[in-house]
Amino acid sequence: MTLRAPELLLPAGSLDKMSAAYDFGADAVYAGQPRYSLRARNNEFRLEQIATGIAHAHARGKKFFVTSNLLAHNDKVRTYIRDLEPVVQLNPDALIMADAGLIMMVREKWPHIPIHLSVQANTTNWAAVKFWQKMGVARIILSRELSLDEVARIREECPDMELEVFVHGALCIAYSGRCLLSGYFNRRDPNQGTCTNACRWNYKTHDAEVDPNTGEAMAQTEGLQGFNFASAQQEAEENAYSESSCGNGQRHPSADKVYLIEEQGRPGQLMPIMEDEHGTYIMNSKDLRAVELVEKLTKIGVDSLKIEGRTKSLYYVSRTAQVYRRAIDDAVAGRPFNPELITELEGLANRGYTSGFLERRPAADYQNYETGHSVTQRSQYVGEVKNVSDGWAEVETKNRFAVGDWIEIIHPSGNRTMKLETMKGLDGTPMEVAVGNPVRVLIPVTGPADSALIAKLSQAPA
């Protein structure tokens, strides 16, 4: 059986990241205006950058999708068509949308433009796919909460609908992006693009008692203030009981009372929540990694494999594009899965990896109870090559590296490792250490290195 290669879709938070995604193997990228996508921060794509990005993509024979997937409140409905019109005139390859009302408005005004239904719409079954197909949607980005078998069933029931599946990146504590945690704690709504990733924070708990007269959860720890619930005792009881069930529907024994949590960076500010015996990072999901499942998804007939991370680094975009490109090419060619691809992804900052819901595993496999920040295990991104001349690469440093380190040169033509034997400043002065300020240094190279990325290996290659 000849397999059809799925599209490889990468995030673009900037034009540089977009170019890197294409260089390292992406077929398409997605980017969005801050006001109407779910990335209001670390996002340089205003109208001018979108125009440049679309033109660049089409010149290279690539695709550029505009993300416009917020769940709009009335004020944004009022301005939406007006603000989207100049974007549509640039001829993006599709709009990624979630709000049913906005989709209706776009279909009425611009029936020619393809619409991809965002993961924010949480499509979890084939009947919903058929519904959106009748509404004129061209592609469904399936919910992250589906198993491989469920994806296969949807493909079987909907053979003529484009399907897209996330294969790498952050996972949400709620159904794919429908999280209220950040809005509740910080008044920054994830569905409006301003998520603070409150699920990643470090929390410790304090015992509390609910005052039956005021509904106030009072800390038993001396010197800390209580938290007054918005709707007094009734809401305190709802938080204490209805939200604290085990997998069998029974309330967890340790959740028979209200607890107050204190976030590491906000001492003295207590918030009510339930907790089980694990403590610490109680809502912190591991990151999705499904590179080992690319062959199965390709055989199912998924049309597009998507990587999350518009706020991630140039290194992240380049590395994931390169790794997943190789996985797709291997799957289509019938080559066995290369475990080195997993090793290479360990060089990216991550919170531990899981295949998420694609493969059913114990609950503990999804959750990282130890740390809320990303860590690297195999390598660390330390620099970007800005220029190559006479066998020397000019590197802009991102993190510290030194003479004697093993480094990896990451390039679209292929990667290679070398031990750094010498280094000098731009003035020719010998150097032993390059600090990550950033500064610019010169290192010797052989072979292609233009626009390459430099990673420091944690140990010498075997």
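These figures come from a predicted structure and were not determined experimentally.

**Student:** Could you give me a rundown of the pairing of strand β4 (residues 94-97), with the residues and numbers involved?
**Tutor:** Burial of β4 is two-sided: the residues A94 and I96 facing one way and the residues L95 and M97 facing the other way are all buried. In this sheet, β4 lies alongside strand β3 (residues 63-67) in parallel orientation, the contact comprising three bridges. Looking across to β4, one finds that V66 is bridged to L95. Considered for its hand, the β-α-β crossover made up of β3, helix α3 (residues 74-88) and β4 is right-handed. Sheet topology places β4 next to strand β5 (residues 115-117); three bridges connect them, and they run parallel.

**Student:** Could you give me a rundown of the packing of helix α1 (residues 15-23) against helix α2 (residues 47-59), with the residues and numbers involved?
**Tutor:** Orientation of α1 relative to α2, taken along the N-to-C sense of each, is 15 degrees, at an axis distance of 10 Å. In this view, α1 runs roughly parallel relative to α2, as classed from their interaxial angle. Crossing hand, α1 versus α2: right-handed. Contacts between α1 and α2 involve L15, M18, S19 and Y22 on the former and, on the latter, Q49, T52, G53, H56 and A57.

**Student:** Which residues make up the sheet that holds strand β19 (residues 406-410), and what are the values?
**Tutor:** The sheet built from seven strands is open, its strands ordered β20-β19-β24-β16-β17-β23-β21 with antiparallel pairing. In this open sheet, the two edge strands, each paired with only one partner strand, are β20 (416-419) and β21 (424-425). The sheet contact formed by strand β16 (residues 379-389) and strand β17 (residues 392-397) spans six bridges and is antiparallel. When the sheet's bridge partners are listed, G383 is paired in β17 with T397. On top of the sheet, helix α10 (residues 314-333) reaches β16, β19 and β24 (453-457); it is set at about 95 degrees to β16, its chief contact.

**Student:** Help me get a handle on empty space enclosed by the protein, residues and values and all.
**Tutor:** Where empty space is left in the structure can be found by rolling a water-sized probe over the atoms. In total, this model carries two cavities of 30 Å³ or more according to the counting rule given. Reported here for the largest cavity is a volume of approximately 90 Å³. Here the lining of the largest cavity is composed, by residue class, of nine nonpolar, three polar and one charged. Computed from the structure, the second largest cavity encloses a volume of approximately 30 Å³. H168, G169, A170, D287, K312, Y316, A349, N350 and Y353 together form the lining of the second largest cavity.

**Student:** An account of α10 is needed here, citing residue identities and associated values.
**Tutor:** The terminal C-alpha atoms of α10 lie 29 Å apart, and with 20 residues this matches the ideal 28 Å at 1.5 Å per residue to within 8%. A large share of α10 lies buried, amounting to 16 of its 20 residues. Following α10 by one or two positions, G334 has its phi on the positive side, about 80 degrees.

**Student:** Give me the confidence of the model for the protein: which residues, what numbers.
**Tutor:** Taken over all residues, the pLDDT of the protein has a mean of 83, while the share at 70 or more is 75%. Contacts of residues 274-281 to residues separated by more than four positions or lying in other chains number 27 contacts, the stretch itself having pLDDT below 50. Ignoring residues within four places in sequence, the model shows residues 366-370, a span with pLDDT below 50, making 23 contacts including any to other chains.

Conventions we followed
Residues numbered from 1 in each chain as written. Predicted model: local features only at pLDDT ≥ 70, side-chain atom pairs only at ≥ 80, totals over all residues. Heavy atoms only, no water. Buried < 20%, exposed > 50% of the residue type's maximum accessible area, 1.4 Å probe, protein only. Helix = DSSP H or I, 4+ residues; strand = E, 2+ residues; numbered from the N terminus. Pairing = 2+ DSSP bridges. Right-handed = clockwise from strand over helix to strand, strands pointing away. Axes fitted to C-alpha atoms, helices over the stretch in contact; angles between N-to-C directions. Parallel < 35°, antiparallel > 145°, perpendicular 65-115°, else oblique. Left-handed = near helix turned anticlockwise from the far one by under 90°. Contact = heavy atoms within 4.5 Å. 1 Å grid on protein atoms, 1.4 Å probe; cavity = no way out; pocket = protein on both sides within 12 Å on 5 of 7 lines; lining within 4 Å. Points joined across faces, edges and corners; volume = space filled by probe spheres on them. Nonpolar A, V, L, I, M, F, W, Y, C, P; charged D, E, K, R; others polar. Expected span 1.5 Å × (residues − 1). pLDDT = per-residue confidence, 0-100.

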